[in-house]
Amino acid sequence: YRFSPVKYSASVIGLYVSYVTPIFLRITSGRTRLHPGPFTLGKWYMPIGIVAVSWVSFIVVLLVFPPEVHPTADTMSVYIKSCDFVLLISVTAFL
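Quantities reported herein were computed from a predicted structural model and do not represent experimental measurements.

**Brief notes about the overall build of the protein**
The number of helices and strands found in the protein is 3 helices and 0 strands. The linear arrangement of helices and strands in the protein, starting from the amino end, is α-α-α. Within the protein, counting contacts between residues at least 6 apart in sequence, those at least 24 apart form 65% of the total. Surface accessibility of the protein: about 7300 Å² in total, with carbon and sulfur atoms responsible for 73%.

**Some remarks on helix 2 (residues 45–63)**
Relative to the 27 Å expected for 19 residues at 1.5 Å per residue, helix 2 spans 26 Å between its end C-alpha atoms, a close match to the ideal helical length. Three or more residues of helix 2 are buried, namely Gly49, Val53, Val56, Ile59 and Val60. Down the axis of helix 2, the smallest arc covering the buried residues is 140 degrees, so these residues share one side.

**Quick look at the packing of aromatic side chains**
The full count for this structure, using the stated rule, is 1 aromatic pair. Ring plane angle 45 degrees and centroid distance 5.7 Å describe the contact between Trp55 and Phe58, whose orientation is recorded as tilted. Taken together, the residues span about one helical turn, with Trp55 and Phe58 both in helix 2 at a distance of 3 residues. Phe58 gets classed as partly exposed once you look at its relative accessible area, which sits at 45%.

**Here we look at the environment of Ser82**
Here Ser82 is to be found in helix 3 (residues 73–94). By relative accessible area, Ser82 is classed as buried at 16%. For the pair Ser82 and Val64, spaced 18 residues apart in sequence, the C-alpha separation works out to 9.5 Å.

**Overview of the nonpolar core**
Ala10, Ile13, Val20, Ile27, Val53, Val56, Val60, Val64 and Cys83 together form the largest nonpolar core, which totals 9 residues. At the level of secondary structure, the elements contributing two or more residues to this core comprise helix 1 (4–27) and helix 2. With near-sequence residues (within four places) excluded, Ile27 lies in contact with Tyr45, Met46, Gly49, Ile50 and Val53.

**Notes on the environment of Val20**
Mapped onto the fold, Val20 is located in helix 1. In this structure, the C-alpha to C-alpha distance between Val20 and Ser54, residues 34 residues apart in sequence, is 9.8 Å. With residues up to four places along the chain from it excluded, the contact list for Val20 reads Ala52, Val53 and Val56.

About the criteria used
Residues numbered from 1 in each chain as written. Predicted model: local features only at pLDDT ≥ 70, side-chain atom pairs only at ≥ 80, totals over all residues. Heavy atoms only, no water. Helix = DSSP H or I, 4+ residues; strand = E, 2+ residues; numbered from the N terminus. Contact = heavy atoms within 4.5 Å. Areas by Shrake-Rupley, 256 points an atom, 1.4 Å probe, with all protein chains shown as cover. Expected span 1.5 Å × (residues − 1). Buried < 20%, exposed > 50% of the residue type's maximum accessible area, 1.4 Å probe, protein only. Arc of directions from axis to C-beta. Phe/Tyr/Trp six-rings, centres within 6.5 Å; stacked < 30°, edge-to-face > 60°. Core = buried A, V, L, I, M, F, W, Y, C linked by side-chain atoms within 4.5 Å.

Shown next, in the form of structure tokens:
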């Protein structure tokens, strides 16, 4: 039971990263390479993209913290290592 929040946190991190990857590529290397489709944000794609990437960067850091109110060094270490392990296994399985 102790490690069940790890799998949920790791899955949410994976989803956030998968959703923000195309946005990040659009505001970095895709500025000149991608052609707008039928729906476009126009001139607002850059500020909205920067806010989206900033939010995901912030929330991913928060999601690696344990869900306890007062985490100790031991629970913090175990939670982060477990979360990293789940993400590593997921990425390895995907590749």
